[in-house]
Amino acid sequence: MSYTRTTKWPWLVVPNVRRRLQNKLIIAFVVVLLIPTGIISFYSLRTAAATLIQKIGAEELRALGSQANDLEKRLIGVKEDLIFLSLAPPTRRYAGVIRNTPDTVSTYRDAQVELLKTFLERGTTPYLDFRIIGLSGQELLHVDHTGALPPGPDGVNFAGEAYFNLAIGLPANQVYISKYDLDRTNGVIDEPYVPVLYYSVPLEVDGANVAVLVAKVSLTPLFTDILSRSSAPLYIVTGDGSYLLNPDSTRLYGGVLGNNVTFDGERSREDIIAMFADRQGILTASTDFHDTLQLYVHIRPESQVAIRWLLFRVIPISSILGEVNATQNVAILLAAISLLAAILVAIFLTRSIARPIRQLSLVADSVRQGNWDVTVPGTGGQDEIGHLADAFDAMLRELKAVYGSLEERVANRTNELSTANLKLSEAQRKAEEASRAKSQFLSNMSHELRTPLNVIIGYSHSMLVMPQMFNNEPLPEIYRPYLKLIEDNGHYLIGLINDILDLSKIEAGKLELVCTTVDLPEIFRGVLATATGLLKGKSLQLRPDYPEDLPLVWADPIRVRQITINLLSNAIKFTNSGSVTLKAEVQENWIAVSVIDTGVGIPEDKRSTIFSRFNQISHGTFAEVESTGLGLDISKQLSEMHGGDLTVESQVGKGSRFTFALPIATETQLQTATSPTISNDSFTIFERASAMTVDVFSVLLVEDEVSMRELLRRALEVAGYLVVDTHDGGQVMELALGLLPNLIILDVNLPHVSGWDVMAQLKSDPETAAIPVIVYTATTSGQRRALELGAVAFIAKPATPEDIIRAVQKHLVGSEAGTP
């Protein structure tokens, strides 16, 4: 094989046979592209119709579900409004004079009318009017948007109405909801038809119902709202098969008008069974409606049995297939354009690959023939071929002057080492970021676990020590040890959570010691009393070995107790017989505190790992003991924060000795420190205070967790308080302004509105600013913020109902805030 040389680049004249590489690359590039493109296109065309139908059906079902949820929320809001109105002070006063002093009804009538007009004019719920009906069935008060209306014609009595008869016998705060009806005037159905619901609640005074509050709600605005957000006709069917919503107005309200038009009469039994089998779904195999998607969602507001509606819509599949055909045409066009573009790109790329390779092969031939005075033409690229050309050129230069290029090679190696160092630094930075993210995750999870533990500890503790909450029914003795076990394990989990939070704070550098003068013997007595409960039947002796006149140390008493109880707990876990000794002695300016046990001991090769985080010895006796591996790590770091260290001495089979040191307080520290107050008083349940025998204090309880809200409500009601509760932060200001409670218990982790924002609103409104607020939450770090916003107390979860009642009595009973 030969080629023609030129004066400058003899290797640039290349025969056509050398272009075979480029042709092969082009063919390979196009074939490799065509195979997956063809498979994907074929599969896409085959599955486009089914996929699009499924996607559109899922999207439309989500939209339909959202409309049903909005309607349910509006209906639930009506029930909550009626309960609120029945408990509002104007309503209670009006109901009281109806029974006791009917001659003074007019005194409170105007206030009641204004309260009802407020709800009629609010606009969020389509109320038509409100009525208050006496026990005899006579109308006492009738209010619409214009104000109070004169009584109806003589002889009109509502005793025959279901919404009166069934509501008058209900307990307080229970609401009766009627089936749908059409608005009537003097018993005659009005036209145009207006579908309505009646919500009624008894008004109770001194334990007896004296009247019924009735709200008439129009459904038309609710239906208009959901129709405005739908591009296709919607249908609503009631439990008796009547249409409440239908594009054909002649088919509406069959159950009331008696026109025999019902959903059941127009559908097959199979369709009806399918639609009522699930809460929501898509019906595709209908015998009555071929080639359609029938989307349905049930409307079932909570605690409103009378409302069992079906919301559905029908979508023709033919309209969807039109979009499928358009999509297929677009897909074919895009595939053709992509193939053409791929061929052009393949020609360009393969040419840039083949040309420098041909040039390099010609240079190699020239060198083989003994021509060393050649240079490699630069490719100008930074890819593998460019690197190959550069390496080939470097090889030629190295062959000419091996020793002269040594310095350059060393420089290249140095640059590679610098690059490796940079990569190592980046890897270290990412590892540190991962560690911080892990710590933040542990901290967040620890906070989340407090809420269910709060319920577990609260209920188990209440069942053991608060029989008042359960109608003073005695708890069978056989259950007590198991409930106590549940409570103890709940406290044990709280201890683990606190360890994780402490670990996260230490890693983030946010854990600060609150140092003062500490009397170690006093701390030790409490720790030994706690440790006695950890023995659990073991034949062990807990031995104190310290003088009572130990000097005061400068330390954080809470952390000193934490270190000591961790060491004692570990010693008891790994010691089955013998003794565990708590020893303290003065060593120069320090006091050395040691925990000595006669347990299994620690092998020498394992002592370096026992202080490692989440690390445990995983063989022999150690593997049988449950532990998180956090206690010793936290204790060591807390010891170092006090200026000392935590050390271990151990001998296998004979026991271990853990020692940490605390600094003795200086004269200056002794003069400036304030002794901490430690309260070990036990708390007993408060009986109803004597001050409450005349006035009943009201408490607004704001808690989003259902189980905990029920627990606190029962506990407060047993203690004699009137409790109104809610889970929604957006309702707090409305309830507070309406009820003006004597005290508010507020959780800050609320849906819709943050508890901190609610707190600021309460304190900024002159009507509610004086109401004392107790902040009760799982966020342990919010105490300072709560007090700055004006809270009278801050209680961190978990806490027992006793703690809550004690705080309520402290800030309510006998105080100015507690005066109704």
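Before any of the text, the structure's been laid out above.
Residues numbered from 1 in each chain as written. Predicted model: local features only at pLDDT ≥ 70, side-chain atom pairs only at ≥ 80, totals over all residues. Heavy atoms only, no water.

**Student:** Looking at this structure, how should I read the pattern of salt bridges?
**Tutor:** Here the idea is simple: oppositely charged side chains can pair when their charged atoms come close. This model, assessed by the stated rule, comprises 20 salt bridges. Arg74 is the salt-bridge partner of Asp225, the closest N and O atoms lying 3.8 Å from each other. Of this pair, Asp225 sits in helix H5 (residues 220–228) while Arg74 sits in helix H1 (residues 20–87), placing them 151 residues apart in sequence. Judged by its relative accessible area of 27%, Arg74 falls in the partly exposed class. Among the salt bridges present, the one from Asp183 reaches Lys216, with a minimum N-O distance of 2.8 Å. In this pair, Asp183 sits in the loop between strand S5 (181–182) and strand S6 (184–185) while Lys216 sits in strand S9 (residues 208–218), placing the two residues 33 residues apart along the sequence. Considered together, Asp183 and Lys216 belong to a single accessibility category, that of buried residues. Each of Asp129, Arg131, Glu139, Asp183 and Lys216 takes part in salt bridges that share partners, so that together they form one network. (Salt bridge = Lys/Arg side-chain N within 4 Å of Asp/Glu carboxyl O. Helix = DSSP H or I, 4+ residues; strand = E, 2+ residues; numbered from the N terminus. Buried < 20%, exposed > 50% of the residue type's maximum accessible area, 1.4 Å probe, protein only.)

**Student:** What is the right way to look at the layout of surface pockets in this model?
**Tutor:** The computed volume of the second largest pocket comes to approximately 1500 Å³. Lining the second largest pocket are 34 residues, and of these Ile76, Glu80, Thr726, His727 and Gln731 lie nearest its centre. Among the elements that line the lining of the second largest pocket, the one with the most residues is H1, at eleven residues. When the residues that make up the lining of the second largest pocket are grouped by side-chain class, the tally is ten nonpolar, ten polar and 14 charged. (1 Å grid on protein atoms, 1.4 Å probe; cavity = no way out; pocket = protein on both sides within 12 Å on 5 of 7 lines; lining within 4 Å. Points joined across faces, edges and corners; volume = space filled by probe spheres on them. Nonpolar A, V, L, I, M, F, W, Y, C, P; charged D, E, K, R; others polar.)

**Student:** Quick question: what am I supposed to make of the sheet that holds strand S10 (residues 235–237) here?
**Tutor:** Strand-to-strand pairing in sheets goes through backbone hydrogen bonds, with the strands running parallel or antiparallel. Pairing in this open sheet of five strands is antiparallel, and the strands run S11-S10-S14-S13-S12 from one edge to the other. The two strands at the open ends of the sheet, each matched to only one other strand, are strand S11 (243–245) and strand S12 (280–283). Pairwise comparison of adjacent strand axes, ignoring direction, gives a mean angle of 25 degrees for this sheet. Here S10 pairs with strand S14 (residues 309–316) via three bridges, running antiparallel. Of the residues in S14, the one forming a bridge with Tyr235 is Phe312. On the sheet, helix H8 (residues 269–277) packs against S12, strand S13 (292–299) and S14 and is oriented at approximately 50 degrees with respect to S13. (Pairing = 2+ DSSP bridges. Axes fitted to C-alpha atoms, helices over the stretch in contact; angles between N-to-C directions. Contact = heavy atoms within 4.5 Å.)

**Student:** Explain helix H15 (residues 631–641) here, please?
**Tutor:** At 3.6 residues per turn, the α-helix brings residues three or four places apart onto the same side. Counting buried positions over the eleven residues of H15 gives nine, a clear majority of the element. Within the span of H15, buried status applies to Gly631, Leu632, Asp633, Ile634, Ser635, Lys636, Gln637, Leu638 and Ser639. Phi for Gly643, located one or two positions after H15, is positive at around 95 degrees.

**Student:** Explain helix H17 (residues 706–718) here, please?
**Tutor:** Over its 13 residues, H17 extends 18 Å from the first C-alpha to the last, a length consistent with the 18 Å expected when each residue adds 1.5 Å. For H17, the complete set of buried residues consists of Met708, Arg709, Leu711, Leu712, Ala715 and Leu716. The buried residues of H17 occupy an angular sector of 160 degrees when projected down its axis, which confines them to one face. A side-chain oxygen of the first residue of H17 lies 2.7 Å from the backbone nitrogen of Met708; this N-cap is Glu705. (Expected span 1.5 Å × (residues − 1). Arc of directions from axis to C-beta. Polar contact = N/O pair within 3.5 Å; in protein donor to acceptor, adjacent residues only side chain to side chain.)

**Student:** How do you make sense of unusual backbone geometry when you look at a structure like this?
**Tutor:** Excluding glycine, residues mostly have negative phi values, and the peptide bonds linking residues are mostly trans. For the bond from Glu191 to Pro192, the omega torsion is -5 degrees, close enough to zero to count as cis. Mapped onto the fold, Pro192 is located in the loop between strand S7 (188–189) and strand S8 (195–205). Positive phi values are uncommon outside glycine, yet Ser303 reaches one of about 65 degrees. As for its placement among the helices and strands, Ser303 is situated in the loop between S13 and S14.

**Student:** Even after reading the chapter, I still don't get the packing of H17 against helix H21 (residues 801–811), so can you show me in this structure?
**Tutor:** For any two helices packed against each other, the geometry is given by the interaxial angle and the distance between the axes. Where H17 contacts H21, the two axes come as close as 10 Å, and the packing angle between them is 50 degrees. Considering their axes alone, H17 and H21 lie oblique with respect to each other. In this structure, the crossing between H17 and H21 has a hand that is right-handed. Contact residues: H17 offers Leu711, Leu712, Ala715 and Leu716, while H21 offers Pro801, Ile804, Ile805 and Val808. Residues of the contact of H17 with H21, tallied by class, amount to eight nonpolar, no polar and no charged. (Parallel < 35°, antiparallel > 145°, perpendicular 65-115°, else oblique. Left-handed = near helix turned anticlockwise from the far one by under 90°.)

**Student:** Can you walk me through the sheet that holds strand S18 (residues 577–587) in this structure?
**Tutor:** Spatially, five strands are ordered S16-S18-S19-S21-S20 in an open sheet, and the strand pairing comes out mixed. Bordering the open sheet on either side are strand S16 (539–545) and strand S20 (646–651), each of which pairs with just one other strand. Adjacent strand axes in the sheet meet at a mean angle of 15 degrees, parallel and antiparallel pairs treated alike. Where S18 lies against strand S19 (residues 590–597), eight bridges are found, and the strand directions are antiparallel. Its bridge partner lying in S19, Lys583 is registered against Ser594. Together, S20 and strand S21 (655–663) form the strand contacts of H15, whose direction differs from that of S20 by roughly 130 degrees.

**Student:** Would you take a moment to explain the pairing of S20 for this structure?
**Tutor:** Remember that side chains alternate between the two faces of the sheet whenever the strand is regular. What you see with S20 is a clean split: Leu646, Val648 and Ser650 sit on the buried side and Thr647, Glu649 and Gln651 on the side with no burial. Linking S20 to S21, which pair antiparallel, is a turn of three residues; within it Gly653 sits at a positive phi near 85 degrees.

**Student:** Help me understand the pairing of strand S24 (residues 743–746) in this model?
**Tutor:** Neither face of S24 is left uncovered, since the one carrying Leu743 and Ile745 and the one carrying Ile744 and Leu746 both have all their residues buried. Bridge count between strand S22 (residues 698–702) and S24: four bridges; the pairing is parallel. Residue pairing in the sheet places Val702 in a bridge with Leu746 of S24. The pairing of S24 with strand S25 (residues 773–777) spans three bridges and is parallel. What sits directly across from Ile744, in S25, is Val773. Crossover handedness for the path S24 to helix H19 (residues 755–764) to S25: right-handed. (Right-handed = clockwise from strand over helix to strand, strands pointing away.)

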